[in-house]
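Architecture and fold: a report
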Amino acid sequence: MKALVITNKINNKFNPSLLNLFTVIKKIAGNSNYEAKTDVLVIGYELNNIVADIAKYQVVNKVLVIDNPALDHILAENIAHQIAKIVGNYTHVLINADSFGKNLLPRIAGILELGQISEIVSVVSPNIFKKFTYAGNILSEIESFEDIKLLTVRSNNFEQDEILANQSCEIVHLEYTNPVSSKIKFISRNVEDKLVNLDSAKIVVTGGISLESKENFDNIIRQLANKLNAAVGASRAAVEAGFAPNDCQVGQTGTTVAPDVYFAIGISGAVQHIAGMKDSKTVIAINTDSTAPIFEYADYGLIGDLFDIVPKLIQKI
Ligand SMILES: Cc1cc2nc3c(=O)[nH]c(=O)nc-3n(C[C@H](O)[C@H](O)[C@H](O)COP(=O)(O)OP(=O)(O)OC[C@H]3O[C@@H](n4cnc5c(N)ncnc54)[C@H](O)[C@@H]3O)c2cc1C
């Protein structure tokens, strides 16, 4: 096995999913005679500090760095060809299944004409991986016969192991070979400043269309989330109504989360929503309708009006 993990920078640190990806490397190696070591490719701008942090982990063999002002906002279209050349040297290439990974790896798969296995949740062997299909209703085992296994990973499904961070390893700086004829350029980025990232949060507070307005959503869902140091989630209906931005959407066409605690507040529990949260460890649902499907997934259910219950909850915390 010769593994490569691709990662980026988030809030001046390395993407926290990197530690979960190290667990995946150990699992792939654990089922074989492979050594649990990986190279890490970091892409972005002003990476010196985070590269030094990554290089300390014992599971890391070598850190490859592409550090360039043009990569302050990474455009997958402009970097995929360069990474595709690097990827050719490896047997396993892993990336977190967030918007960065889901944008980049399929392009690399296309360039190299390789099959990709998307959003793996479990490792069976170095060639066989498990992933959900049909909106999370079927857990499939997929075997890859490719020489290079390209894997996007639902990192939340893999616990972060204790890994010693007391070494120093080789760091290789690579030139950014920006494609001359790039037709894509960065214009602007509109992301709300979040205290807690949705896809790595330990607690998620999610609100649905029943909040009735953005104002209510902010006063109820965001307030509860702030009290609990939790990430804010929303159903697609709530996002479409403009109560919360798109990157808060949980579900089949949004983010997949697996927090310790998931609050589903005024959420019916449509299959497409469940697909994004059913791996949560404890689910607390608040809904006026006792027959709402969300209660089938809830560990704790409160049948009642969210406008009564949540303010009381906020007061108690
Ligand atoms: C291809 C496709 C992809 C989709 N992807 C997603 C996705 O990624 N994520 C997603 O969320 N949806 C997705 N959807 C939409 C999904 O089918 C549902 O329409 C959506 O999840 C419903 O959102 P909701 O629970 O907020 O609204 P509703 O289904 O309308 O449910 C509102 C709930 O609030 C309860 N309620 C009402 N008033 C109160 C109150 N005062 N107090 C407490 N409870 C109250 C009601 O009893 C009801 O159960 C997708 C749909 C399609 C077709």
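Every value quoted in this text rests on a predicted model; they were computed, and no experiment measured them.

Bringing unusual backbone geometry into the picture now. With a phi angle near 50°, Asn11 is a residue other than glycine that sits in the positive phi range. Tracing the backbone through its elements, the reader meets Asn11 in the loop between strand S1 (3–10) and strand S2 (13–14). We classify Asn11 as exposed; it has 10 C-beta atoms within 10 Å.

Surrounding the ligand, one finds 28 residues, the nearest of these being Gly208, Ser210, Arg236, Gly251 and Ser268. Of all the secondary-structure elements, those providing two or more residues to the shell around the ligand are helix H6 (236–240), helix H7 (271–274), strand S14 (282–287) and helix H8 (306–316). Looking at the shell around the ligand, the element that brings in the most residues is H6, giving 3 residues. Considering only residue class, the shell around the ligand consists of 10 nonpolar, 15 polar and 3 charged.

The contact between helix H3 (residues 76–87) and helix H4 (residues 99–112) brings their axes to 9 Å, and the two run at 55°. One element, H3, and the other, H4, form an angle in the oblique class. Regarding H3 and H4, the two cross each other, and that crossing is right-handed. Residue-level contacts link Ala76, Ala80, His81, Ile83, Ala84 and Val87 of H3 to Asn103, Leu104, Arg107, Ile108, Ile111 and Leu112 of H4. Residues that form the contact of H3 with H4 fall into these classes: 9 nonpolar, 2 polar and 1 charged.

Time to look at helix H1 (residues 17–30). Residue pairs spaced three or four apart in an α-helix point in one direction, given the helix's 3.6 residues per turn. Between the first and last C-alpha of H1 there are 20 Å, a value that for 14 residues agrees with the 20 Å anticipated at 1.5 Å per step. Those residues of H1 lying buried are Ser17, Leu18, Leu19, Asn20, Leu21, Phe22, Thr23, Val24, Ile25, Ile28 and Ala29.

Here we come to the domain arrangement of the protein. The domains assigned to the protein are domain 1 (3–173) and domain 2 (198–316). Here the C-alpha centroids of domain 1 and domain 2 sit 30 Å apart. Of the residues lining the interface, 8 residues belong to domain 1; the matching set on domain 2 comes to 12 residues. Here the side of domain 1 that touches domain 2 is composed, by residue class, of 2 nonpolar, 4 polar and 2 charged.

This paragraph deals with the environment of Leu151. Along the polypeptide, Leu151 turns up in strand S9 (residues 149–153). When the C-alpha atoms of Leu151 and Ser182 are compared, they prove to be 26 Å apart, with 31 residues separating the residues in sequence. Excluding residues that lie within four positions of it along the chain, Leu151 makes contacts with His92, Val93, Leu94, Ile117, Ile120 and Phe129.

With that settled, consider the sheet that holds strand S12 (residues 231–234). Read from one edge of the open sheet, 5 strands run S12-S11-S13-S14-S15, paired in parallel fashion. Two strands lie at the open edges of the sheet, namely S12 and strand S15 (300–303), each paired on one side alone. Sheet twist, expressed as the average angle between the axes of neighbouring strands with direction ignored, equals 15°. The pairing of S14 with S15 spans 4 bridges and is classified as parallel. Across the sheet, residue Asn287 finds its bridge partner in S15, namely Ile303. Sheet strands in contact with helix H5 (residues 214–228) are strand S11 (203–207), S12 and strand S13 (261–265), and its direction is about 175° off that of S11. In this fold H8 packs onto S13, S14 and S15, with an angle of close to 130° to the strand it touches most, S14.

For the rest of this paragraph, the subject is the pairing of S11. With 4 of 5 residues buried, S11 is to be regarded as a mostly interior element. When S11 meets S13, the two strands line up parallel, connected through 5 bridges. If you follow Thr206 over to S13, its bridge partner there is Ala264. With H5 bridging S11 and the parallel S12, this β-α-β connection has right-handed handedness.

In terms of nonpolar packing, the biggest core is built from 52 residues, with Val5, Ile25, Val42, Val93 and Leu94 touching the most fellow members. The leading source of residues in this core is H1, at 8 residues. Discounting residues that sit within four places of it in the chain, Val93 has contacts with Leu4, Ile6, Val87, Ile148, Leu150 and Leu151. Counting 39 residues, the second-largest nonpolar core is a separate cluster that includes Leu224, Ala230, Phe243 and Ala298.

What counts, and at which threshold
Residues numbered from 1 in each chain as written. Predicted model: local features only at pLDDT ≥ 70, side-chain atom pairs only at ≥ 80, totals over all residues. Helix = DSSP H or I, 4+ residues; strand = E, 2+ residues; numbered from the N terminus. Buried ≥ 20, exposed ≤ 12 C-beta atoms within 10 Å, placed from the backbone. Near = placed C-beta within 6 Å. Nonpolar A, V, L, I, M, F, W, Y, C, P; charged D, E, K, R; others polar. Axes fitted to C-alpha atoms, helices over the stretch in contact; angles between N-to-C directions. Parallel < 35°, antiparallel > 145°, perpendicular 65-115°, else oblique. Left-handed = near helix turned anticlockwise from the far one by under 90°. Contact = placed C-beta atoms within 7 Å. Expected span 1.5 Å × (residues − 1). Domains from an automatic or database assignment. Pairing = 2+ DSSP bridges. Right-handed = clockwise from strand over helix to strand, strands pointing away. Core = buried A, V, L, I, M, F, W, Y, C linked by C-beta atoms within 7 Å.

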